[in-house]
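Geometric and topological summary
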Amino acid sequence: MDQLKQLFKEYSGQEAVSMEELTSSGSNRRYFRIKGGDISIIGVIGTCREENNAFISLSGHFLEKGLKVPHVLAVSGDGLRYIQEDLGDDQLYRMVSRGRESGEYSTYECRLLCRAMEMLPHIQFKGAEDLDWSVCYPEPAFNERLVMFDLNYFKYCFLKATGLEFNEVRLQDDFDRMKDDIMENMGETFMYRDFQARNIMVKDGEPYFIDFQGGRKGPIYYDVASFVWQARSRYPESLRKELVRTYLQSLKSYMDISEEDFNSRLRLFVLFRTLQVLGAYGFRGYFEKKPHFLGSVPYAMSNLRKLLREPFTEYPYLNEVLDKLTRLPQLNEMPQDKRLEVKVFSFAYKKGIPADNSGNGGGYVFDCRAVNNPGKYEHYRQFTGLDPEVIKFLEDDGEITDFLAHVYSLVDFHVKTFIERKFTHLQVSFGCTGGQHRSVYCAEHLAKHLSDKFDIKVTLCHRELGIERIL
């Protein structure tokens, strides 16, 4: 720390009068705010000279390209300490904390997040122009070995620690296929690797980027997946889509790609990044005994569960294992989770309205019997509201679409109000004659609508079909 004070004096010509250590997350690097006179800078002590050099070199290169990163002001002779520009205390992660805690992001928070995504392509493409990749640490480029490191990180540090039995040979076969798919079309772009709200500062209303020392040549999709699917951010599906659309709009300045093709490839990297994150949570939680990381597991499980709504048929055994993983009760418990839980039921009136076991009572019961009934036709009696035949009948008829539009409006209002008032339970039930067709369709669609729009817990129960699942 004395050497940091000496660097401060050599740079500013003034004595350091205060030195405050700042909170760091996850790494062995230590950060200090050093002040003297009217000058404030950030001092850094690292344990790895090569990692420090990566940050220093990349910072200089990015500044030449007009990117918003901190200036490195002075470096110690041994390369283990340096001082950099102080960007202030407005970390994006803290500035969107209200949205993260409630699951409902304000217009201001959304604008900040979208601005960060808008700037990401500039880092990836401008940052890669004329870059000496040899300065990157520990590898100049994302490669097959690093892919397998991350997949094995998940397998050994998380999957095995859960106690779930699996066939290691079959899993490795899917890992090999996944590795080959990930390595297609790497591109000549800069991969930030740890692009998340914690590594973005906001100065004069604009995002500035820090902690990119782990970056290297790699695919653009990894950074998008890292930011938009960060487990504890709890972005509603609608906000995720907005963030991706914002990124794609900015990406047009550098490459031409259809939204469909981009999202198809992005989905693979969301899966890959989620597995890597679970490996990190397992290592930090199960082995290093840090409870904060284990507390993040249910959020990652929620992301994974939504991702598996569309199965990864190209990795059948991995998909099977992950599906079992998302059903383990111990990985879905959030003891300090105060989010609203909405239970959505379908039922038959002749068997009675579902009871509210939360003890709160209230909620909605919607009567679907005014909607045209496919069950009155012999052909449709063998099907349910989950089958495409019934879905097509109901949607072609159109009555159910108008019915649900009114339902969405009412329930959305209730959910928003309950979130603001920090209520914990709401029940919504759809009844019809037999609990097979119309009520099932409505419950399915409302549950998905709420899960996509709000970061809440949604449990779906088709009582007469004996089906219950978490969205």
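Quick note: structure is the one above.
Presented here is a report on the structure given in the accompanying data block. (Residues numbered from 1 in each chain as written. Predicted model: local features only at pLDDT ≥ 70, side-chain atom pairs only at ≥ 80, totals over all residues. Heavy atoms only, no water.)

1. Structural notes on the pattern of salt bridges
Under the definition given, this model contains 31 salt bridges. With its nearest N and O atoms 3.9 Å apart, the salt bridge here joins Asp194 to Arg273. Highlighted residues: Asp194 in the loop between strand S6 (190–191) and strand S7 (200–203) and Arg273 in helix H10 (residues 259–287), separated in sequence by 79 residues. Measuring nitrogen to oxygen at the nearest pair gives 2.9 Å for the salt bridge that ties Arg369 to Asp367. The class of Asp367 is partly exposed, set by a relative accessible area of 33%. Overlapping salt bridges bring together Arg33, Asp86 and Asp89 as one network. (Salt bridge = Lys/Arg side-chain N within 4 Å of Asp/Glu carboxyl O. Helix = DSSP H or I, 4+ residues; strand = E, 2+ residues; numbered from the N terminus. Buried < 20%, exposed > 50% of the residue type's maximum accessible area, 1.4 Å probe, protein only.)

2. Quick notes on the pairing of strand S3 (residues 39–45)
Taken across its seven residues, S3 has five buried, putting it largely inside the fold. Where strand S2 (residues 30–36) meets S3, seven bridges bridge the pair, whose relative direction is antiparallel. The partner of Arg33 across the bridge, within S3, is Ile42. The antiparallel pairing of S2 with S3 creates a hairpin that spans two residues between the two strands, and Gly37 there sits at a positive phi of about 65°. Inspection of the sheet shows S3 paired to strand S5 (residues 81–85) by five bridges, in the antiparallel sense. By the bridge assignment for S5, Ile42 is matched with Gln84. (Pairing = 2+ DSSP bridges.)

3. Let's talk about helix H1 (residues 2–12)
Listing the buried residues of H1 in full gives Leu4, Leu7, Phe8 and Ser12. Take H1 and look down its axis: the buried residues cluster within an arc of 110°, on one side only. For H1, exposure combined with an orientation more than 90 degrees from the buried face picks out Asp2 and Glu10. For H1, the elements touching its buried residues are strand S1 (18–22), S2, S3, strand S4 (72–75) and S5. Phi turns positive one or two residues past the end of H1, at Gly13, with a value near 75°. (Arc of directions from axis to C-beta. Contact = heavy atoms within 4.5 Å.)

4. Here's the deal with the sheet that holds S5
By definition, the strands of a sheet pair up through backbone hydrogen bonds, in either a parallel or an antiparallel sense. Read from one edge to the other, the open sheet built from five strands follows the order S1-S2-S3-S5-S4, with strand pairing classed as antiparallel. The outermost strands of the open sheet, each flanked by one partner alone, are S1 and S4. Averaged over all adjacent pairs, the angle separating strand axes in this sheet is 25°, with direction ignored. Across the sheet, H1 touches S1, S2, S3, S4 and S5, and the angle it forms with S5 is around 50°. The strands touched by helix H2 (residues 49–64) are S4 and S5; relative to S5, the strand with the most contacts, the crossing angle is about 30°. (Axes fitted to C-alpha atoms, helices over the stretch in contact; angles between N-to-C directions.)

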